[in-house]
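For reference, the chains in residue letters:
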Amino acid sequence: MTTKQPKYEYVSSARLPTRFGDFTIHGFVEASGQEHVALSYGQWQPEDVVPIRIHSECLTGDALFSTRCDCGFQLEKALQNIVDKGCGVLLYLRQEGRGIGLLNKIRAYNLQDTGMDTVEANEHLGFDADLRSYDICKLMLDTLNVNQVELMTNNPRKMQALEQLGINVTARKPIDHGLTKDNKHYLKTKTEKLGHAFDPHLFK
Ligand SMILES: Nc1nc2c(ncn2[C@@H]2O[C@H](COP(=O)(O)OP(=O)(O)OP(=O)(O)O)[C@@H](O)[C@H]2O)c(=O)[nH]1
C-alpha cells in the first residue's frame with residue numbers, strides 16, 4: 001500500500017537569538033523539497049490575536065542590504081514590532097522574486113534597468129506579475145497555535161489568502177517602511193498595478 005506524502009510538513013524547532021530578541025525558529029518543508037521557516041516570539045493562547053508578518057524571501061534586500069526594494073527594511077521593522085508588542089510570528093516564505101526565483105529576479109532587474117517596471121519585466125520574461133502561494137501558512141500557524149492574526153502588510157493578496165485558509169485576520173497593520181530614492185518607482189508600481197495600500201502622497 002502506498003501512503004500519500006503530505007504537501008507540507010513541520011520538521012523541527014530551535015532557539016534563535018537575534019539582534020532584536022530571542023526567537024524560536026521552526027522549519028517546514030514542501031513535498032517538492034522547498035524549505036520555509038517561521039520565527040516565533042513570546043507566548044499566547046489559542047484564542048489570542050497574534051501580530052504576524054508574512055515575508056517573502058528577498059536575498060538582495062533581506063541579506064545583501066539592497067535599497068532597490070523595501071524588503072530588508074520591512075523585515076527588520078517587523079521583527080522589531082513583534083518584540084515591542086511582546087509576542088508574534090514572522091512567516092519567512094522562500095518564494096524569492098515573487099515566486100520567479102533569484103536568477104529570474106536578476107533578469108527582471110536587468111530589464112528594469114532598461115526602463116521596464118517590475119510587472120512589465122516579469123511579463124516580458126513569461127511570468128505572471130506574482131506567482132506566490134500562501135497555502136503553507138495554514139500549517140505554520142496551526143503548528144504554532146495561532147488562529148487569529150493582526151497582519152503587518154500593505155498587500156491585500158496576503159489578507160485574502162489567509163482568510164481563504166480559515167485564519168481570522170482582525171486587522172491590517174501598514175508597514176510603510178524603507179522608502180528610498182532607489183525603490184520609489186518600484187513601490188509606486190506596486191501601488192498602481194499590484195494593489196498595494198501605500199499612501200499615494202509618498203510618491204509625490
Ligand atoms: N519579480 C520581482 N520580485 C521582486 C522585485 N523586487 C522585490 N521582489 C520580490 O518581491 C517579494 C516581496 O515580498 P514581501 O516582502 O512579502 O512583500 P509584498 O508582497 O510586497 O507585501 P508587503 O511587504 O507585505 O506589503 C520578495 O519575494 C522579493 O524578492 C522585482 O523587481 N521583481
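Residues numbered from 1 in each chain as written. Predicted model: local features only at pLDDT ≥ 70, side-chain atom pairs only at ≥ 80, totals over all residues.

The protein chain goes by GTP cyclohydrolase-2 in an unreviewed UniProt entry, where it is assigned to Salinimonas marina. UniProt lists a comment for the protein chain under the heading Sequence similarities (unreviewed entry), and it reads "Belongs to the GTP cyclohydrolase II family." On record in UniProt, under Pathway (unreviewed entry), the comment for the protein chain is "Cofactor biosynthesis; riboflavin biosynthesis; 5-amino-6-(D-ribitylamino)uracil from GTP: step 1/4." (UniProt positions renumbered as here; feature names shortened; annotations may be inferred.)

Scanning the protein chain from N- to C-terminus turns up seven helices and seven strands. When the elements of the protein chain are put in sequence order from the N terminus, they spell out β-β-β-β-α-α-β-α-α-α-β-α-β-α. In terms of overall size, the protein chain behaves like a compact globule, its C-alpha atoms giving a radius of gyration of 17 Å where 204 residues would be expected to give roughly 17 Å. Along the three orthogonal principal directions, the C-alpha set of the protein chain runs to about 50 × 50 × 30 Å. A buried classification covers 31% of the 204 residues belonging to the protein chain. In the protein chain, the proportion of contacts linking residues at least 24 apart, taken out of those at least 6 apart, comes to 57%. (Helix = DSSP H or I, 4+ residues; strand = E, 2+ residues; numbered from the N terminus. Rg over C-alpha atoms; globule rule 2.2 N^0.38 Å. Buried ≥ 20, exposed ≤ 12 C-beta atoms within 10 Å, placed from the backbone. Contact = placed C-beta atoms within 7 Å.)

With respect to topology, seven strands assemble into an open sheet ordered β1-β2-β3-β5-β4-β6-β7, the strand pairing being mixed. The sheet is open, and its two borders are formed by β1 (8-17) and β7 (168-173), each paired with just one other strand. Across the sheet, the axes of successive neighbouring strands diverge by a mean angle of 25°, strand direction being ignored. The sheet contact formed by strand β2 (residues 22-30) and strand β3 (residues 35-41) spans six bridges and is antiparallel. Following the sheet pairing, V29 is matched in β3 by E35. (Pairing = 2+ DSSP bridges. Axes fitted to C-alpha atoms, helices over the stretch in contact; angles between N-to-C directions.)

Further remarks concern the site of the ligand. Residues in close proximity to the ligand total 24 residues, the closest being S56, C58, T153, N154 and N155. Elements represented by at least two residues in the shell around the ligand include exactly β4 (49-56), α2 (71-85), α3 (102-113), α4 (118-124) and α7 (184-193). The element contributing the most residues to the shell around the ligand is α3, with three residues. Residues of the shell around the ligand, tallied by class, amount to six nonpolar, 12 polar and six charged. (Near = placed C-beta within 6 Å. Nonpolar A, V, L, I, M, F, W, Y, C, P; charged D, E, K, R; others polar.)

Let us look at the environment of R68. Turning to its location among the elements, R68 is positioned in the loop between α1 (59-63) and α2. Taking the C-alpha atoms as reference, R68 lies 18 Å from G99; in sequence the two are 31 residues apart.

Right, let's talk about the nonpolar core for a bit. Counting residues in each nonpolar core, the largest one holds 32 residues, and the members touching the most others are I52, V89, L90, L91, C137 and M140. Among the secondary structure elements, those contributing two or more residues to this core are β2, β3, β4, α2, β5 (88-93), α5 (136-143) and β6 (148-152). Sorting elements by how many residues they give to this core places α2 first, with five residues. Those residues in contact with C137 that lie beyond four places of it in its chain are I54, L91, L162 and L165. (Core = buried A, V, L, I, M, F, W, Y, C linked by C-beta atoms within 7 Å.)

Let us look at unusual backbone geometry. One non-glycine residue with positive phi stands out, namely R98, at about 55°. The residue R98 is located in the loop between β5 and α3 in this model. Phi is positive for N145, which is not a glycine, with a value near 60°.

To continue, consider the UniProt feature "binding site: GTP" (unreviewed entry) in the protein chain. Listed under "binding site: GTP" (unreviewed entry) in the UniProt record, and renumbered for this structure, are R53, I54, H55, S56, E57, Q74, E96, G97, R98, T118, T153 and K158. In terms of the greatest pairwise C-alpha distance, the residues named above, spread along 106 residues, do not form a single cluster, extending to 22.6 Å across. Among the secondary structure elements, I54 is positioned in strand β4. Residue classification places I54 among the buried residues on the basis of 25 C-beta atoms within 10 Å. Apart from the residues within four sequence positions on either side, I54 is in contact with L91, L93, Y134, C137, T153 and K158. Among the secondary structure elements, E57 is positioned in the loop between β4 and α1.

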